[in-house]
Structure formats: C-alpha cells, structure tokens
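Now for the letters of each chain:
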Amino acid sequence: WKKRHVVLTDQGQVLYFKSQASPEPQGVIQLDRRCHAGGDVAGRPLTFNLETPTRTWRFTCKEMEEMDSWIKTLNARIAILEHQSSLSR
C-alpha cells in the first residue's frame, strides 16, 4: 500500500497526492450518485472501500475514528451530489 495525502473537494472530487507538500494531485476520483463508501475489508483493519462505477478504491486510516469520519463525510458528499442530480432532471 502506498501512503497518500487525500483531500475531498466541495465539487465532489477526491484528490490524492504523493505527500501533503505535493503541488499537483497524482490522481482524481470523481464522486457521483452511483458511488458508495464503506464496508470492512477482510484482513485489512481500518480499511474501507470507495466504490465508483468504474473501480473500487481502498483506503486505510490510522484510527477507527478517522475511518468512520471519512466514510460518513464521503457518503454525505455523495448524497448531496445525488440530491443535486435529482434537481437537475
């Protein structure tokens, strides 16, 4: 597993960087209403999945509280994106 600095934007993007000092993200995960965060990963304590339409990403946290916070925050952002999507239909 590679250690990454991860940022969630207000626009529903998960940016990941090699380090906190990196000027540019190494990659971007675009959240939408079809995404979901959660689930225990067997054999990987403090690890959760972020499921997108094209890929399942795995993240490992240092503490249970951090993991719970990420899952709650990601799913809240996904719910906002789902609500915004339903308004634009």
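Below or above, wherever it landed, is the structure these notes cover. Here the structure is a predicted model, which is why all the values come from computation and not from measurement. (Residues numbered from 1 in each chain as written. Predicted model: local features only at pLDDT ≥ 70, side-chain atom pairs only at ≥ 80, totals over all residues. Heavy atoms only, no water.)

**Some details on the overall build of the chain**
Consideration 1: Along its length, the chain carries one helix and six strands.
Consideration 2: Along the chain, helices and strands appear, N-terminal first, in the series β-β-β-β-β-β-α.
Consideration 3: With respect to the three principal axes, the spread of C-alpha positions in the chain is 40 × 35 × 25 Å.
Consideration 4: Counting the 89 residues in the chain, one finds 31% classified as buried.
Consideration 5: Residue pairs in contact within the chain that sit at least 24 positions apart in sequence constitute 31% of those at least 6 positions apart.
Consideration 6: Surface summary for the chain: the accessible area is close to 6,300 Å², and the carbon and sulfur share equals 49%.
Consideration 7: Treating the 13 positive side-chain charges of the chain as one cloud and the 10 negative ones as another, the clouds have centres 8 Å apart. (Helix = DSSP H or I, 4+ residues; strand = E, 2+ residues; numbered from the N terminus. Buried < 20%, exposed > 50% of the residue type's maximum accessible area, 1.4 Å probe, protein only. Contact = heavy atoms within 4.5 Å. Areas by Shrake-Rupley, 256 points an atom, 1.4 Å probe, with all protein chains shown as cover. Lys, Arg positive; Asp, Glu negative; His and termini not counted. Charge placed at Lys NZ, Arg CZ, Asp CG, Glu CD.)

**Observations concerning the pairing of strand E6 (residues 56-60)**
Consideration 1: Burial along E6 is one-sided: the residues Trp57 and Phe59 are buried and none of Thr56, Arg58 and Thr60 is.
Consideration 2: The hairpin turn running from strand E5 (residues 47-51) into E6, its antiparallel successor, is four residues long. (Pairing = 2+ DSSP bridges.)

**Re the pattern of salt bridges**
Consideration 1: In this structure the tally under the stated criterion is two salt bridges.
Consideration 2: Across the pair Arg77 and Asp10 runs a salt bridge, and its minimum N-O distance is 3.8 Å. Linking Arg77 in helix H1 (residues 64-87) with Asp10 in the loop between strand E1 (5-8) and strand E2 (13-17), this pair joins segments that are 67 residues apart in sequence.
Consideration 3: Judged by its relative accessible area of 60%, Asp10 is exposed.
Consideration 4: The residue Asp32 makes a salt bridge to Arg34 at a minimum N-O spacing of 2.6 Å. (Salt bridge = Lys/Arg side-chain N within 4 Å of Asp/Glu carboxyl O.)

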